[in-house]
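Below are the chains, spelled out letter by letter.
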Amino acid sequence: MVSLLNFKKMEKVKIYIVAIAIVGLLASCSKFLDTTPLDKMDPDAIFDKESQLDAALVAAYDPLGRGAVYAYTIQTRLATESDEGFFYSSSRTTGPQFYDLSSSDPEVLSTWTTLYQGISRANLVLENVDRPVMDETRRNYIKGEALFLRAYYYFLLVSNWGDVPLLLHTAESVEGNAIERTPSDLVYEQITQDMIQAEELVRPIQGYDGAGRVTKSAVRGVLARVYLYWAGYPLMKIEKYQDARFWAKKVIDDTEAGHRLNPSYDEVFINYAKDKYDNKESIWEVEFAVTGIYEHGQVGSWIGIRSTNESIGTAYGFIGTTHTLFDRYKVGDLRRDRAISPFYYDGATQVLFAETQTSRRFPGKWRREEETALPKLNQNTPQNYPLLRYSDVLLMFAEADYQVNNQTPTAAAYTALNEVRRRGYGKKLNGPGQISETLKSITINDGGTGYTAAPVISITGGGGEGATATATVEGGEIILVTITNPGRKFISLPTITVTGGGGSGAVLTPVLSLPDDADLKDLNSAEFISAIQEERSRELCFEGFRKYDLIRWGLLEIKLKEVGSWITANENASYKYVSLSFDNFDKSRHTLLPIPQNDISLNGLLTQNPGY
Amino acid sequence: MYKFFIAKNTGRYSHYPIAKILLIMKLTLFLLTVGFMQSYAVSFAQQISIKANNISLEQAFGEIKKQTSYDFVYDEALIKTIEPVNLNIQKLGLDATLKQILQGKALDYSITDRIVTIRRRVPRTESSSSSSIQRRTVTGKVTDEKGNPLPGTLIQVKGESTKTVSEVGGSYMITVSGTEDVLVYSFIGFQNQEIKVGNQKTIDVKMAVDEKGLDQVVVIGYGTVAKKDLTGSVGTADVKEMEKAPVANFDQALAGRVAGVQVSNNDGQPGHNANIVIRGGNSLTQSTAPLYVVDGFPMEDFSSSALSNFDIASISVLKDASATAIYGSRGANGVIVIETKKGQTGKPTIDFSASFGSQGAIKKMDMMSGYEFVKYQNEIYPTLAERYYLGNVGKQLEDYQGVKELDLQDRLFRNAPINIYNIALRGGNTSTRYAVSGSLFDQQGIIVNSSNKRYQGRLSLDQSISDKLKAGFVVGMAKNTVDGTPVNSGPTSSATSYTLYRTWGFRPVTGTGIDLGDLLVDPESEGLNLMINPVISLENEVYLNTYSDLNLNAFLSYEILKGLTLKVSGGTNSRTNQYKYFYNSDTYRGTPLNPSNFRGQYGGVVNRSMKGWVNENTLTYKKYINKDHVFDVMGGFTLQRRDSDSFGYEADNIPNEEMLFSSLGGGTPYRNTSTQTYHTLASFLGRANYTLLTKYMFTASFRADGSSKFVAQNRWGYFPAGAFAWRMKNENFLKNVDMISDAKLRLGYGVTGNNRVGDFDRARGLIYTDWEAGYSFENGIPFKGLIMNSMGNSSLRWESTFQSNIGLDLGLVDDRVQLTLDLYKKNTKDLLLLANLPRTTGFIREYRNIGEVENKGLEITLNTVNVKKNNFSWETNFNIAFNRNKIISLVENETNFLSSVTFDSNFSSSSPYIAMVDRPAALYYGYIWDGNYQYSDFDEVSPGNYVLKSTVTTNGNTASSIQPGDIKYRDINGDKVVDSQDLAVIGNPQPLHSGGINNIFHYKSFSLSMFFQWSYGNELLNANRLIFEGNGLFRPLLNQYATYENRWTPENQNNELFRSGGHGPFGAYSSRVIEDGSYIRLKTLSLSYRLPEAILSKVRASDLALTFSGQNLITWTNYSGMDPEVSTRHSALTPGFDYSAYPIARTFVFGITAKF
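Model, not experiment: these values are computed from the prediction. (Residues numbered from 1 in each chain as written. Chains lettered and ligands numbered in written order. Predicted model: local features only at pLDDT ≥ 70, side-chain atom pairs only at ≥ 80, totals over all residues. Heavy atoms only, no water.)

### Let's talk about the overall build of chain B
Move 1: When you go through chain B residue by residue, the secondary structure sums to 16 helices and 58 strands.
Move 2: By the compact-globule yardstick of 32 Å for 1156 residues, chain B fits well, its C-alpha radius of gyration being 35 Å.
Move 3: Here the C-alpha coordinates of chain B stretch approximately 125 × 70 × 65 Å along the principal axes.
Move 4: A buried classification covers 58% of the 1156 residues belonging to chain B.
Move 5: Long-range contacts, defined here as pairs at least 24 residues apart, represent 70% of the contacts in chain B between residues at least 6 apart. (Helix = DSSP H or I, 4+ residues; strand = E, 2+ residues; numbered from the N terminus. Rg over C-alpha atoms; globule rule 2.2 N^0.38 Å. Buried < 20%, exposed > 50% of the residue type's maximum accessible area, 1.4 Å probe, protein only. Contact = heavy atoms within 4.5 Å.)

### Things to note about the packing of aromatic side chains
Move 1: Tallied over the entire structure, the rule returns 89 aromatic pairs over all chains.
Move 2: For the ring pair tyrosine 498 of chain B and tyrosine 1139 of chain B, a centre distance of 5.1 Å and an interplane angle of 85° mean the geometry is edge-to-face. Placement of the pair is tyrosine 498 of chain B in the loop between β26 (469-483) and α12 (499-505) and tyrosine 1139 of chain B in the loop between β57 (1137-1138) and β58 (1145-1155), with a sequence separation of 641 residues.
Move 3: Accessibility expressed as a relative area gives 0% for tyrosine 1139 of chain B, which makes it buried.
Move 4: The cationic tip of arginine 589 of chain A hangs over the ring face of tyrosine 612 of chain A; the distance from NZ or CZ to the ring centre is 5.8 Å.
Move 5: In this structure, arginine 502 of chain B packs its charged tip against the face of tyrosine 588 of chain B, placed 4.1 Å from the ring centre. (Phe/Tyr/Trp six-rings, centres within 6.5 Å; stacked < 30°, edge-to-face > 60°. Lys NZ or Arg CZ within 6 Å of the ring centre and 35° of its normal.)

### Observations regarding the confidence of the model for chain B
All names here are of chain B.
Move 1: Considering every residue of chain B, the mean pLDDT works out to 85; 93% of them sit at 70 or more.
Move 2: Throughout residues 1-45 the model reports pLDDT below 50, and contacts reaching past four residues in sequence, or to other chains, amount to 94 contacts.
Move 3: Every residue in residues 124-132 is under pLDDT 50, and counting partners more than four places away or in other chains gives one contact.
Move 4: Across the interface, the model reports ipTM at 0.91; the global pTM reads 0.82. (pLDDT = per-residue confidence, 0-100.)

### Description of empty space enclosed by the protein
Residue and element names in this part refer to chain B.
Move 1: Taken as a whole, the largest cavity holds about 320 Å³ of empty space.
Move 2: What lines the largest cavity is a set of 26 residues, and nearest its centre among them are Val247, Gln252, Gly268, Gln443 and Asn1112.
Move 3: Listing elements by their share of the lining of the largest cavity, those giving two or more residues are β24 (432-444), β56 (1103-1117) and β58. (1 Å grid on protein atoms, 1.4 Å probe; cavity = no way out; pocket = protein on both sides within 12 Å on 5 of 7 lines; lining within 4 Å. Points joined across faces, edges and corners; volume = space filled by probe spheres on them.)

### Quick notes on the sheet that holds strand β6 (residues 136-144) of chain B
Residue and element names in this part refer to chain B.
Move 1: Reading across the sheet, the three strands line up as β9-β6-β12 and stay open at both edges, with mixed pairing between neighbours. Edge positions in the sheet fall to β9 (171-176) and β12 (205-207), since each of these pairs with one other strand and no more. Across the sheet, the mean angle from the axis of one strand to that of its neighbour is 35°, orientation sign disregarded.
Move 2: Pairing geometry for β6 and β9, over six bridges, is antiparallel. Within the sheet, the bridge partner assigned to glycine 140 lies in β9 and is tyrosine 172. (Pairing = 2+ DSSP bridges. Axes fitted to C-alpha atoms, helices over the stretch in contact; angles between N-to-C directions.)

### Focus: unusual backbone geometry
Move 1: Each neighbour pair has its own omega, and for tyrosine 233 of chain A with proline 234 of chain A the value is 5°, a cis peptide bond.
Move 2: Note on placement: proline 234 of chain A falls in the loop between α8 (216-231) and α9 (240-252).
Move 3: Residues other than glycine seldom take positive phi values, yet lysine 91 of chain B does so here, at roughly 45°.
Move 4: With respect to the helices and strands, lysine 91 of chain B occurs in strand β3 (residues 85-92).
Move 5: Assessed through its relative accessible area of 61%, lysine 91 of chain B is described here as exposed.
Move 6: Even without a glycine there, the phi angle at threonine 694 of chain B is positive, about 55°.

### Considering the interface of chain B and chain A
Move 1: Taken together, the contact between chain B and chain A spans 106 residues of the former and 97 residues of the latter.
Move 2: Summing the contributions of chain B and of chain A, the shared interface buries around 8,700 Å²; its carbon and sulfur component is 63%.
Move 3: Put simply, chain B and chain A have two salt bridges between them.
Move 4: Notably, a salt bridge pairs arginine 848 of chain B with glutamate 175 of chain A, separated by 3.2 Å at the nearest N-O pair.
Move 5: Remark: the boundary between chain B and chain A carries 27 residue pairs in polar contact (both at pLDDT 80 or more).
Move 6: Element by element, the count of residues in the side of chain B that touches chain A is highest for strand β31 (residues 668-692) of chain B, at 10 residues.
Move 7: Across the side of chain B that touches chain A, the residue classes break down as 48 nonpolar, 40 polar and 18 charged. (Buried area = accessible area lost by both parts, 1.4 Å probe. Salt bridge = Lys/Arg side-chain N within 4 Å of Asp/Glu carboxyl O. Polar contact = N/O pair within 3.5 Å; in protein donor to acceptor, adjacent residues only side chain to side chain. Nonpolar A, V, L, I, M, F, W, Y, C, P; charged D, E, K, R; others polar.)

### Details of the confidence of the model for chain A
Move 1: Residue-level pLDDT values for chain A average 90, and 94% of them are 70 or greater.
Move 2: In the model, residues 1-7 of chain A has pLDDT below 50 throughout and makes six contacts with residues more than four positions away in sequence or in other chains.

Here it is, written out as structure tokens:
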């Protein structure tokens, strides 16, 4: 029999069980709620391995290759829309490439964002670089590269936006991120200070086979550029020309590194297409991957020769070239037909542009048909993009040297300038110390008789190659010979034979270029700086420098308006739209990009650039 | 007279002093473990021993109860009249004991369900030989549909005064006078039943719930409540009506059924879930979907496809804070509580239904005819037109009059079959109830190669182990296969990649007369303008999602003391999804001919899984002190955990595409993904209801949630709510107003939360990634970068919604008219916002508690029984909701931000939506359309050469390129140039009101219901018109809508559509394509015919009906697109965008339902 008392005991037991259970529950509750992320690593718990530092450094390089930076934005939106090219598509009429943009422009925001991401990632490396136990030399490489990259991103920021917020640590919290713009001068101070420190830490270029890593040569060359920008408009710190000259000279004088120009201007760019390195000339490049599906660029597609053919490699060809640039090349300058494509594609066939079409060609430096990596992906290319070439260093030296010497061209400045020009004129194609000439002209000694049609002119011998010419006949006689290709590598006069055309008796004599006709000499001060300015365009067009060069020389507006008037006067009606960017340009605001509205809204301390 | 004691008895025989009960209550309010169950140790021994002198019957019964745990029910007054007894009982059974005790007394007893009923002995009626009336007794048992006894049911002989009331076990006995007598069973909250006695001696009755009545039981969080006792705002959906809609999931039938529940389909793609928003969206960047509680299992990411419509027993929508606060941190978006059908006591029943039908596109767009197309081509691309259609092929424009045209819509759209089968077996006895059901839903899409097929099975078992201990479980399984490339989006951001772009745009004629219909590629198209046949492409595409759901919920409940019940439940829920896609060389995306395809022939497989478990322990105590004081208290503790992961492999440039998925390994790896995450939640909850004088009802609830998503200091959130209801009908001033059958005023206020952020957004963390941070050195395979992918915000905490609600429930004319009004205002503070950051931080967005959003509105529900006759009845259910949404504040200084949609890269720099402080979360944003430029805007400098007057504003193009007939936009700042300074708010996607109205008619064996649903005052952005009404991307060979025939020409100078090529700057959104999206549609029509009894009995069916139903039958709208129920880029910030939407189908089905 169960008594009343027993029941009570049972209830007590129940109560105890409950009480114990509750205490146990509360204790285990907080443990139950303490979860550990499975999808990310605690920053305080890692960075004890060199490999983690390496990977963080990879991430700091990554912004260089992003669409918003060198995959296409700088080439097709921010930089080439100076006097060299324009956005060659009627499907867009607004954006930074048309100098028609608001502070909400998504591309401007994207570039701004990507650069600051790079800075944040470099900061992450710098904050943790001392943590792993590792070889000190390798640690120095990592630290130096991170310092340099951070400085380089600030350099891109300051040259596009002027005063910008300067952050030297990773952001700690979602709160309190309002930060003022730092005056450009101080940004330049930080950039140069970091780069100079990096120069001591990073590896020398000798012994390194690639061009993607930051090396001492890369740092020095870029330092020269940074000082040139600082010395020019708008900051006009002319004392910095001295530093520019110093660093450029350091590259030139570095016999261990042994920098030299590639004898062939064409080959510099063919190398990019074929994924070959020549870091004697091409000192620092943005690396785009050859294999896999990501980390490709659009070099050759967005900026390239328009093509819908897969075997050539499809290319959007968003940039058209200007008449102004075309005209900038003189006879005998072999660089023209590399920088500006002499042909377009009809399917897989190359069709030469009419000689009269001097505008609306395509930039020809990056040609997809020269790519060797297969399969050729639609639009995505493996071609690297140069950030520092030796010819740039030579020209920077010449310019800085001229400025340092009270705007007087010195012999050293001429040497550097003419070194670049001689390569451009094909004088180095047969190797050092060898003669390499082109066909300069063809003299008509005798026009012959009986020609009813233009005869075929063949140019052979003389050690050269590739020279072609056409004849014009009038009254049975050859009255004009036009050189269609000056050829290259001639060491002596070639033989000219005239066949066909129904006539006979014509005698033609070739004239070769002279060893020094590529050289400039005896220029006055104004002519010399003007020559440097033109030379930089001829040598470095479409490599993302022209707009910034023109800004620092105070020439951007003048040059753009020149192109605009030419288009308005000479282009046929259906292509008048290409003048949009030149017409839109307003000096009062367009030398700087707008500070993105996103940041203005969220950072109460930011101010906007004038005119936006 | 017999007195009904059920409530009173609950306390009476608990033989424990009140103080002790209170102590137990206090302790148990804290709660609990499974361990409790072990204390269940009640003796079943029925051996009774009592030795006592001069004890009252009550004492005797008390002792028996102690020894047997049997309850006693009796009339106190009656028992008190009986003299005390002397007892000496030694180990007797219950029957023998009772017999001994009651011997010689005017009392009888009966035992049912462990309850002993004592009553006055009915003297046997002497049969009167002089009367022809044969008086005899009928016995039986009254239960509800689930087999629960219904004590207190009034049983009357129709037309006579004889009546009785069923006992605690539901059993009854009544005397009838003949076979012709009819018994009427009535019980509040249940439908009356009349049964002819005939020769039956035993009549068991199952009472059906009167779902319209005030006593309808409403399932709320952690409990149920009679509708009349509700203090909060809870809407219930008429699931019987919803079953009539031939749709895949209940959400598609829910639109317009419950006031304040806005259900919208993004489009008509089979297998896609609808969006449900309750009382306006609180969140801007986070999900606004409600919390789902299915059979007690709370789920934030519930997919409606896991459940068959036919397995749903009830859907309650908890709307105000006093109803939702019991779900605390997850209640702010409202809660949808779903109970599934369980077994019922009684004879097993088989429910079967089968429907077969067909679906078709409601409309197709009128495209230009061949003649119109060539005429247009000749205007816009004269050179191409000459080459492809005219001179070059030796034809004149006139030759295209009446030529055979190709309209790919005819090949893309199809009439597609739909089949739905359901079968269920349900039954049980008083201790065991079971239900087994299965369903098959098989739908082909109205666009080729799209379909949805789903199998479901469900099993539930409820077992009473003793009268105190009950257990049960439900297990549900579903396999859902959704096949077909999404028509409204694709992996690329080019407008041309969308199926309907290529369908509408495909040329209707060619100059050479070649038939394009069977070719993959239009041979005269090339490059970026390449036209790939969408029908052939779709037929070759594989885009397959397979979902497998397995849900198991089980519970044990134990009645510790009278009225005090412990319920321990647990469940697991798992969903796995396999996503597979493959694009071979005959598809748009996979063909090497497509110049934007850099992946070659490609495919991939991604497996995702989500698993969760929950344990809930609640203790409920109900106390009926007397009719003036009734209270119940519920307290509980729950734990929950959710894990999710995904693993995928995708490959490009697959060489042997014919091997499909087994060929992936041969391709180039594209992306290998693996993710893994989890979160946990622990909660304490409690609720108390107190009813005073049957007039004043108080509810207070409280929940404390601890979530692993927040750091320890911010982990716990507290969510209190209170409500008061005043049942005015019970006041003297209304008691005698017959017209008003019920009147209740409700007031509620409370706080609810939202925790929908990522599991670890609180923490800084580093990840390795290739896509975002890889870099290749020396032309090698790219290295993965190590980045801080999020800054982490350790200060994250709950988002809190403060909601007040005033409601009025009114019943008129015997509740034939029921009106519910609710006014609410909710303010969501500390918004969990994926907030923009200054990009200088190196980060784009992080979760922050920033900003505030307000929603306020009015909801009206009106249910009327218009006609109720024997053969005919007509009911109307109407609801309407008005909601106004407003942003109170945003991040720091932000006064507005723009939101863009991925649609076409040419539009990527335009944002068609703006969110502004003091305005709704989303408004359309763009240029104000001002018609076209006319000749009067130009100077004619030479004949036919028009130059825009310098006083006239440009449209964003250079002035020299603007010609008469070009599109014109308004220059707001007056600088004569239309640019980003001239962007303005151009429309509002939010409706002014939305709702539904259902009319149900019954006539003899026929039933008809007609359900209309509407949305009024919302605007849509018809992006299709940007492309197909004026060729906004300027693509050659692209056909246009027939409406574009009415474009500006010198002969047709209008302000409607701009001239050929006069589209203005690319990528501009303008008010031209903002349209009124209001509509009302006959959403569901259902006609059924119940076969006559004669046929039923032949096939031994208890019910057999033939039905015809239609879905989306008629739509009244001014919207020019395919369908006004559309939102192809749906989010709180980007609603109402229409581009290449999968059209919503019109469906007809015939069906049969049977019950055996």
